[in-house]
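Overview (structure and organization)
Here's the letter readout for the chains.
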Amino acid sequence: MSQTTKSLAYVRKEMLDQQPAPRSQVGFTRWARDNLFSGWFNTILTLVSLFVIYKVLAATLPWIFGGVWNADSLAQCRDIMNETYGNTHHACWAVIHERWNQLLYGFYPETEYWRANLAFVLMLASLAPVLFDKVPRKMLYLTMAFPFLLVWLVWGGTIWGVLSVAVGFALAGVAFKLVDRFGSMALSAIAAVVVALVWWLFIGPSVVEGLNSVAPLGHLKEVQSRDLGGFMICVIIGISGIALSLPIGIVLALGRQSDLFIVKTICVGFIEFIRGVPLITLLFTASLLLNYFLPPGTTFDLTLRVIIMVTLFSSAYMAEVIRGGLAALPKGQYEAADALGLDYWKAQRLIIMPQALKISIPGIVNTFIGLFKDTTLVMFIGIYDMLGLSNAIRANAAWNGIYWELFIFIGGVFWICCFAMSRYSQWLERKLRTDHR
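The structure reproduced in this document is the subject of the present report. (Residues numbered from 1 in each chain as written. Predicted model: local features only at pLDDT ≥ 70, side-chain atom pairs only at ≥ 80, totals over all residues. Heavy atoms only, no water.)

For the coordinates displayed, the defined rule picks out one disulfide. With its sulfur 2.1 Å from that of its partner, Cys77 forms a disulfide with Cys92. Between Cys77 and Cys92 the sulfur-sulfur dihedral comes to about 85 degrees; the bridge is accordingly right-handed. One end of the pair, Cys77, is in helix H4 (residues 74–84); the other, Cys92, is in the loop between H4 and helix H5 (94–105), with 15 residues separating them in the sequence. In this structure Cys417 is not part of a disulfide, and its nearest cysteine sulfur, from Cys418, lies 6.6 Å away. Residue class for Cys417 comes out partly exposed when judged on its relative accessible area of 23%. (Disulfide = S-S within 2.5 Å. Helix = DSSP H or I, 4+ residues; strand = E, 2+ residues; numbered from the N terminus. Buried < 20%, exposed > 50% of the residue type's maximum accessible area, 1.4 Å probe, protein only.)

Here we come to the side chain of Ser258. Along the chain, the position of Ser258 falls in the loop between helix H10 (230–256) and helix H11 (261–275). Setting aside residues no more than four positions away along its own chain, Ser258 makes contact with Val263 and Lys264. (Contact = heavy atoms within 4.5 Å.)

Right, let's get into the packing of aromatic side chains. In this structure the tally under the stated criterion is 15 aromatic pairs. Ring plane angle 55 degrees and centroid distance 5.6 Å describe the contact between Phe132 and Trp427, whose orientation is recorded as tilted. Of this pair, Phe132 sits in the loop between helix H6 (113–131) and helix H7 (140–155) while Trp427 sits in helix H18 (residues 404–432); the two residues are 295 residues apart in sequence, bridging distant segments of the chain. Here Phe132 falls in the partly exposed class, since its relative accessible area comes to 36%. Ring centres of Phe313 and Tyr317 lie 5.0 Å apart, and the angle between their planes is 50 degrees; on these two criteria the pair is classed as tilted. Pair noted here: Phe313 and Tyr317 are both in helix H13 (residues 302–328), with a separation of four residues, about one helical turn. (Phe/Tyr/Trp six-rings, centres within 6.5 Å; stacked < 30°, edge-to-face > 60°.)

Before going further, it helps to examine the packing of H5 against H10. Contact geometry of H5 with H10 gives a least axis separation of 2 Å together with a crossing angle of 20 degrees. As far as their axial angle goes, H10 and H5 are roughly parallel. The segment H5 lies against H10, with Gln102, Leu103, Leu104 and Tyr105 engaging Gly230, Phe231 and Met232. Residues that form the contact of H5 with H10 fall into these classes: five nonpolar, two polar and no charged. (Axes fitted to C-alpha atoms, helices over the stretch in contact; angles between N-to-C directions. Parallel < 35°, antiparallel > 145°, perpendicular 65-115°, else oblique. Nonpolar A, V, L, I, M, F, W, Y, C, P; charged D, E, K, R; others polar.)

The next thing to look at is H4. Three or more residues of H4 are buried, namely Leu74, Cys77 and Met81. Along the long axis of H4, the arc covered by the buried residues comes to 55 degrees, so they all point the same way. Looking at the buried residues of H4, the elements they touch are H5. Backbone geometry just downstream of H4 places Gly86 in the positive-phi region, at approximately 85 degrees. (Arc of directions from axis to C-beta.)

Looking at the element boundaries, Ser314 is found in helix H13. Classification of Ser314 by relative accessible area gives buried; the value is 3%. Among all residues touching Ser314, those that are not within four sequence positions of it are Ser245, Thr367 and Leu371.

Counting through the fold element by element, Val310 comes out in helix H13. Val310 gets classed as buried once you look at its relative accessible area, which sits at 3%. Sequence-wise, Val310 and Asn396 are 86 residues apart; in three dimensions their C-alpha atoms are separated by 31 Å. Among residues more than four places away in sequence, those in contact with Val310 are Ile237, Leu279, Leu283 and Leu371.

What follows covers the environment of Ala116. Inspection of the secondary structure assignment puts Ala116 in helix H6. Taking the relative accessible area as the measure of exposure, Ala116 reaches 10% and is therefore buried. Along the chain, Ala116 and Ala319 lie 203 residues apart, while their C-alpha atoms are 32 Å from each other. When near neighbours in sequence (up to four residues on either side) are disregarded, Ala116 contacts Tyr105 and Met232.

Glancing now at the nonpolar core. Looking at soluble globular proteins, one finds that nonpolar side chains tend to be buried together. Grouped together as the largest cluster of nonpolar side chains are 90 residues, with contacts concentrated most on Cys92, Tyr108, Val154, Leu228, Val306, Leu326 and Trp399. In terms of residue count, the dominant contributor to this core is H10 (12 residues). Other than its neighbours up to four places away in sequence, Val154 contacts Tyr108, Arg115, Ala119, Val223, Leu228 and Ile236. (Core = buried A, V, L, I, M, F, W, Y, C linked by side-chain atoms within 4.5 Å.)

And the structure:
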């Protein structure tokens, strides 16, 4: 009995080596069992879905990857298909191979493509310090200079014109700082606007004219707005609308919550009117009716008019998105700002608005994506974006009758841009998430 007792051990003296988890509990097997085959109903749905996907891919992949890339017309494409496959059930990508530059640049001069490419690269570089905090802060100078560089590179002419516009903004900033010493935000804003308008309307044009006659610095071949088109015009209108609609939307959202009756009435009236009118109506107004309200002989660039209307349209929706973020903040945040002795604008800049913008990130990016896709509506007012150029290409006798290839290419370009914005917004939400830390 004693020997039996001594042989029993209730505490392990040696640890066993760690064993890998069963294959059925990790990896793809576990994921498939939990998400695809968790029950008889889900199993049936999975099998039916796999069958449908197989049938779709079996029909589309040969059509996509077996297409013709080198041909001068749709008829020649079909002849090549008949010789190669014995049928014409394949894509004719030759239209993209031949007209890709027109779809991307419109009627922009081919010898000046380098200017559009340089502007696009500078756009990405100027957005980097705004979108990512690890980028050197000194690149923000490029961000501030990019709008003026864009106008100079895309439209051409001398650099004195864009420098004159930049000087107007600089003088407005100086006037704002000087008047702000008296402690009145309204007077500071009014002074900034008046100084900028005086420079732009009266002083700047004569200065630019004199400089151009003496030393036409940085002269580039001038390109008219009617020559802009394709994906380039969508990027110009989309980026301009996105960059301008966010600050205007913030001001409108704050104005809608203001205690001043006149300010609140103006903001509410503007937001409700713009949200109640289709964008295409505003574009037709910018294209046809706006000139009737301008002095005789006044020339107002159509692209600039479209940018203004698109910005105003997006600003109204942006204001409501940001107002939702402001309404989601607890009252204690406002009370905390008051307890710190902050005035209205410091409280908004340091405490209220950063939290409201973080809450509103999904709605803000959703508005940006919708704005970028709405740039295709400019085809209805005579601006040849990618869709407008696809109609012009199909009107050519050589490519009459081709549809899917052009629309797939255009849809793919827009999907890449919109998907990138969506993924960035999700990354930004995860980065700014402060709960459970």
